[in-house]
Structures are given as C-alpha cells and as structure tokens.
Amino acid sequence: MNIFNILTEIEKVDPEVYARFDSRRRVFKHLGGFGKKLAAAAIPVAFGAVFNKAYGQGTSNAAIISILNFALTAELTDSTYYRKVLEANGAALPATFKTGLTLIRDNELGHVATLQAAITALGGTPVTIAETRLDFTAGGRLPNPFTDYATVLALGQAFEDTGVRAYKGQAPGLMTNDMVLQTALQIHSVEARHAAYFRRMRRDSQNLATNQPWITMKDRGGLPDWTQPVYDGEELTTQATVPIATNGISADSASEAFDEPLDRATVIAILNNFYLAGQKLS
Amino acid sequence: MAKNTKSIPEQELLQGLKNPLNRRSFLQYTGAGVAASALLLAGCDDDDDITDTNTTGSVNLGTGDTGILNYAYALEQLEAAFYSMVVTHASFQSTFSNATERSVLMDIRDHEVAHREFFKSVLGNSAIPALTPNFSAVNFADRTSVLMTARTFEDLGVAAYNGAGKLLTSATNLTLAGKIVSVEARHAAEIREMVKVNTFAARGATPAIGQETIITGGTANGGLDMALLPSQVLPLAQPFIRETINASNLPTI
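Parameters and conventions
- Residues numbered from 1 in each chain as written.
- Chains lettered and ligands numbered in written order.
- Predicted model: local features only at pLDDT ≥ 70, side-chain atom pairs only at ≥ 80, totals over all residues.
- Heavy atoms only, no water.
- Phe/Tyr/Trp six-rings, centres within 6.5 Å; stacked < 30°, edge-to-face > 60°.
- Helix = DSSP H or I, 4+ residues; strand = E, 2+ residues; numbered from the N terminus.
- Buried < 20%, exposed > 50% of the residue type's maximum accessible area, 1.4 Å probe, protein only.
- pLDDT = per-residue confidence, 0-100.
- Contact = heavy atoms within 4.5 Å.
- Core = buried A, V, L, I, M, F, W, Y, C linked by side-chain atoms within 4.5 Å.
- Arc of directions from axis to C-beta.
- Polar contact = N/O pair within 3.5 Å; in protein donor to acceptor, adjacent residues only side chain to side chain.
- Salt bridge = Lys/Arg side-chain N within 4 Å of Asp/Glu carboxyl O.
- Axes fitted to C-alpha atoms, helices over the stretch in contact; angles between N-to-C directions.
- Parallel < 35°, antiparallel > 145°, perpendicular 65-115°, else oblique.
- Left-handed = near helix turned anticlockwise from the far one by under 90°.
- Nonpolar A, V, L, I, M, F, W, Y, C, P; charged D, E, K, R; others polar.
- Lys, Arg positive; Asp, Glu negative; His and termini not counted.
- Expected span 1.5 Å × (residues − 1).

### Quick notes on the packing of aromatic side chains
Residue and element names in this part refer to chain A.
Consideration 1: Per the counting criterion, the structure on display carries 26 aromatic pairs over all chains.
Consideration 2: With a centroid separation of 5.7 Å and 55 degrees between ring planes, the pair formed by Tyr-81 and Phe-159 is classed as tilted. Residue Tyr-81 is located in helix α6 (residues 57-88), and its partner Phe-159 is located in helix α8 (residues 149-170); the two are separated by 78 residues in the primary sequence. Per residue, the accessibility class of Tyr-81 equals that of Phe-159, and both read buried.

### Notes on the confidence of the model for chain B
Any region with low pLDDT has predicted coordinates that should not be read closely.
Consideration 1: Mean pLDDT over chain B works out to 84, with 78% of the residues at or above the 70 mark.
Consideration 2: In the predicted structure, residues 1-53 of chain B sits below a pLDDT of 50 and forms 88 contacts with residues beyond four places in sequence or in another chain.

### Side note on the environment of Ala81(B)
Residues and elements named next belong to chain B.
Consideration 1: In this fold, Ala-81 is placed in helix α3 (residues 64-88).
Consideration 2: What makes Ala-81 buried here is its relative accessible area of 17%.
Consideration 3: Between the C-alpha atoms of Ala-81 and Asn-134, which are 53 residues apart in sequence, the distance is 9.6 Å.

### Section: the nonpolar core
The tendency in soluble globular proteins is for nonpolar side chains to be buried as a group.
Consideration 1: If you look at the biggest cluster of nonpolar residues, it comprises 139 residues, and the most contacted ones within it are Phe97(A), Phe82(B) and Phe119(B).
Consideration 2: Not counting residues up to four positions away in its chain, the partners in contact with Phe82(B) are Phe135(B), Val138(B), Phe140(B), Val146(B), Thr149(B), Ala150(B) and Phe153(B).

### Description of helix α11 (residues 264-271) of chain A
All names here are of chain A.
Consideration 1: By the burial criterion, the buried members of α11 are Val-267, Ile-268, Ile-270 and Leu-271. Along the axis of α11, the buried positions cluster into a sector of 160 degrees, meaning they face one direction only.
Consideration 2: N-capping of α11 is provided by Asp-263, with a side-chain oxygen placed 3.1 Å from the backbone N of Ala-265.

### Topic: the pattern of salt bridges
Consideration 1: Enumeration over the complete set of coordinates arrives at 19 salt bridges over all chains.
Consideration 2: Lys179(B) serves as the salt-bridge partner of Glu260(A), at 2.6 Å between the closest nitrogen and oxygen. Taken together, the residues span two chains, with Glu260(A) in the loop between α10 (251-256) and α11 and Lys179(B) in helix α7 (residues 171-195).
Consideration 3: Under the relative-accessibility criterion, Lys179(B) is labelled buried at 9%.
Consideration 4: Three or more residues are tied together by salt bridges with common partners; here these are Arg83(A), Lys84(A), Glu87(A) and Glu131(A).

### Looking at the packing of helix α5 (residues 99-123) of chain B against α7(B)
Residues and elements named next belong to chain B.
Consideration 1: Taken N-terminus to C-terminus, the directions of α5 and α7 make an angle of 155 degrees; their axes are 11 Å apart at the nearest point. On the basis of their axis angle, the class for α5 and α7 is roughly antiparallel. Crossing hand, α5 versus α7: left-handed. Taken together, the residues of α7 that come into contact with α5 (itself represented by Glu-101, Val-104, Leu-105, Ile-108, His-111, Glu-112, His-115, Phe-118 and Phe-119) are Leu-176, Ile-180, Val-183, Glu-184, His-187, Glu-190, Ile-191 and Met-194.
Consideration 2: Considering only residue class, the contact of α5 with α7 consists of 10 nonpolar, three polar and four charged.

### Quick notes on the packing of helix α9 (residues 178-205) of chain A against helix α6 (residues 143-164) of chain B
Consideration 1: Two elements in contact, α9(A) and α6(B), have axes whose closest approach is 9 Å; the angle formed by their N-to-C orientations is 150 degrees. Considering the angle they form, α9(A) stands roughly antiparallel to α6(B). Judged by the sense of rotation from one axis to the other, the crossing of α9(A) with α6(B) is right-handed. Across from Gln182(A), Leu185(A), Gln186(A), Ser189(A) and Arg193(A) in α9(A), the residues of α6(B) making contact are Asp155(B), Val158(B), Tyr161(B), Asn162(B) and Gly163(B).

### What about unusual backbone geometry?
Residues apart from glycine generally show negative phi values, whereas peptide bonds are mostly found in trans.
Consideration 1: Even without being a glycine, Asn207(A) presents a positive backbone phi close to 55 degrees.
Consideration 2: For Asn207(A), the position within the fold is in the loop between α9 and β1 (238-239).
Consideration 3: For Asn207(A), a relative accessible area of 74% translates into the label exposed.
Consideration 4: One non-glycine residue, Asn221(B), lies in the positive phi region at around 60 degrees.
Consideration 5: When you line up the elements, Asn221(B) lands in the loop between β3 (215-216) and α8 (230-237).

### A word on the side chain of Glu79(B)
Consideration 1: Of note, Glu79(B) is situated in helix α3.
Consideration 2: The buried charged residue Glu79(B) lacks any salt bridge, with Arg193(A) as its nearest oppositely charged partner at 10 Å.
Consideration 3: Ignoring anything within four residues of it in the chain, the contact list for Glu79(B) reads Glu112(B), Phe153(B), Glu154(B) and Glu184(B).

### Quick word on helix α7 (residues 95-121) of chain A
The α-helix advances 3.6 residues per turn, and as a result positions three or four apart in sequence lie on the same side.
Consideration 1: For α7(A), built from 27 residues, the straight-helix expectation of 39 Å at 1.5 Å per residue is met to within 8% by its first-to-last C-alpha distance of 39 Å.
Consideration 2: One or two residues past the end of α7(A) sits Gly123(A), with phi positive at roughly 90 degrees.

Structure representation (structure tokens):
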C-alpha cells in the first residue's frame, strides 16, 4: 500500500485539498480510521511530514494572533469605557446598576488579561490602546457619555451586542487551536450575558418594553440611528437553508432565536465611532 | 465493516449545509479516492463497532459532527419541553403575575422550540428520536422551582455548547452552534436576574452548574463562562430524560 496514493487520489478529485486543513492533528482527525490505522503501523513519519509541510502551524499562529488582537482591541475599548463610567460615579446611575456594571467591568478586565496572555503565549504582541485616542461622545453625539444613565445603558448594549457578534464571526478562524477556540467561546457567551443585562435594564428603566434581552429582527431598540450596523443582518429567519418561522414560531421569535456573526471590518467601523479623527482603528 | 449506513445521512446533512470547507465534503472526496484506488485497509472496521440501532430505552447520539448536533438536539428538546410545560401550566398566570416575566418565558419557549425544530430538520434521517422528559422534580406552580430549573438548564446549555465547539470539525456547524449559544446565554442572564439581581454573570472561584456563581473570578483567566464536555453535561441532564442517552461514540477531541 502506498500512502502517497491517498494524497494523489485526493488531489485528483480535490486540487485544493492542501488548503482545506490547517493542522496535522486535524488531518488525522479527518482521516478518521485511516489515520489511526496508519499511526498504529508507524507509517505517519512520512505521512505526517507531507501534511505537516502543507499544514504547518506557522501561518496558523499568525492568523490566530491577529484575531485575538482584534478581540483585545474591542475589549480594551469597552473596558476603558466602563472604567470611566465607574470613575465618574454619576449620581443619576442607580447603585444597583453600578454593582452590575462593576461585575461587567471586572469580567472585561479578565477577558483583557486572558487575551493578552494567549497572544503572548502564541509568540505575538498584545495591542495597546492609548486612552487619548478614544472619544466616547462619539464625535459629540453623546454629550454626557459617563454620567447620563440612558446613554450609559445604550452604549453598553451597543458594545456588548457588537462584542457577541464579533466573537461569533471569528470562531471559525480559531478552529486550529482547540484551547484558544474554547476560551473565545467562554468569553463570547459572557458578552451575551452582559448584552442581556444592558438590554433588560433599558427595557425596565427606559420604557422600552420590546427591548428584550434578545434581538428582535434588526431592531436597535431606540438606540441612535448611527448604531444600526450593530443590528443589520440579525433579522435572519432561515438558518442553513432551514426556515425557522414554522411550527407556530413567529418571524420575530425566529430571528431572536439565532444571533448572527459580524465581520471584522464592520466591527471595526462600529468601534471607530468612539475613536478620534486621525486615531481610527484600521 | 458491520455497516456503513451512518455516513450517508451525515453526508447529506453536510451537503445541505453547503460548507465548502467542511469535513463531509472531504469524506466524500476521500471515499471516492479510496474506492478508485482500492486502498481499503484491512483493519478499518476498528471504527465500525458503533451501534446504529438504539436499544429500547437507550438513545445513541452517534458519531462526529452529527453526534454533537444530536447532543445539542437532545438538550434543546429538554429545554423546549420544559418551557412548554411552564407556559401552558394552569397556574402560569398566577405563578408569574408579572406580564414582562410571562412574556420573557413565552419568548424563551419559542426560541427553544425553534432550536429543537432546527436541529431536527438539519439532522434529517440522522436525528435521534423525540425524547421523553421527566420533570417530576419540578413544581411548575412554584416560581422558584421553575426559575431554578431554568437557570440550571440555561447555564448547562451554555456550558455544553462552549465545550462542544472544539469537538466540531465543520466551521458551518461551529457558527450555527455559536448563533444559538449566545441566545442561551441571554436566556441565562435574564433568568438569573429574575432569580436574584446582579447574578447574570456572577463571578467566583468555583463556578458550577446549579450554583449562583457561574463565571470565573479574578483577573487572570477571569470572566470566563463554563465549558463542559458531553461526559460532564449528560449526567446533569440525564435525570430529566427517561431514555438513557448513549454518548459513547461522540468525539472526545
């Protein structure tokens, strides 16, 4: 049996086979029983060398580091905002909310530290964001971003709903590293908990009965119109070609039941609302 | 070579998901290549000792991504059945006298039904059968009993999806799971606030399902939700399901 026949045969029907997998481990995983049998037969030295060359970890790490630095950028933006709100200690913010916001701020600081450690461990350099680049008035559109309760809740909702979509969009890019992928997922769901909290606080304190913790269609729930990109694309009612608004499920519920990913460029554009001219993220 | 029937519905499933990069298409390609070159390995029935047929009272989730999707389908069946019981119970209006809370619970019921029906549809012939829930431990006329059970289900669901992501080989399936897990996390946060204010992401040294503390505390590695493997999740879900869930064929890495 010639092992290389496998590769040759695969290549005949799939010329891009070498681009389809990203790690030697995953190749064996995909080959399933064949990989295991070959391993048992001590053949994988040659076999592995072929795949390792095609699917070496070098470029993979660079891609993961880039994703993690993107996530870190978002986390630094959010956590800086929450810190400044808590420092301002505005009288209009209820004490109970300040407790909740402190919990969120602490979680975000944990995310920052976790991402920094992962980036360093992978051989990368964690990004830093100078506070002087940031403008939480969003170019003067939000006069009192740190002390006006409605504004704080609105910005928190926008940041967290964006964060959920940002992590979701990057998850496939982390599949080559199980540990990093899982950590990102563990952050992703916490962002969703935060989003739900801000949304319920707005629902209950801002007379926004329809602003439930989940996103209905692409409704921005009374946020300023320039935040619409946070919600565009959330209105899907079909998933993987399966129509969801059936079996008595309304279109609204169908859209709520699935959150949607957001691409990196759109997330950066949203975050740039809070960066000064000449200091924008790229 | 006991049976090869499992791979056909799996391939159909993945075909349906239209993912150019997924494992199914690769398996299809390798299947073609292997057949063409007659590279059948004598010992390949190592992976064939999988039971396709479910013995009475036992449900086998299956293998690979299909197994993980069936695992999610089982959990969604449980959640959908639970919330359906909650909102159709005779005392729903009095147990949950607040209209917003009733609206929340009915929304969550709809989301969980949507998730259940989605998995049933996408799994097609590979789907496990409808499970029989066992909610004998829940007092549906008691707000606390309902909410504590809901909290457990939602936190467990989040941890299950978080821990299963790395077991999936298809990026399409990972994204689909990601679309659902954040909604489960939104549910968890809302239910937790209904139980006790500011517990939506309660931090602590030893977070656990069924406890108030659910997020890792501290700064280094802090702020993380739980991630549990099927072998950790199913013992917690099994008491609510009559059938025995067999997860022995699920991927473990």
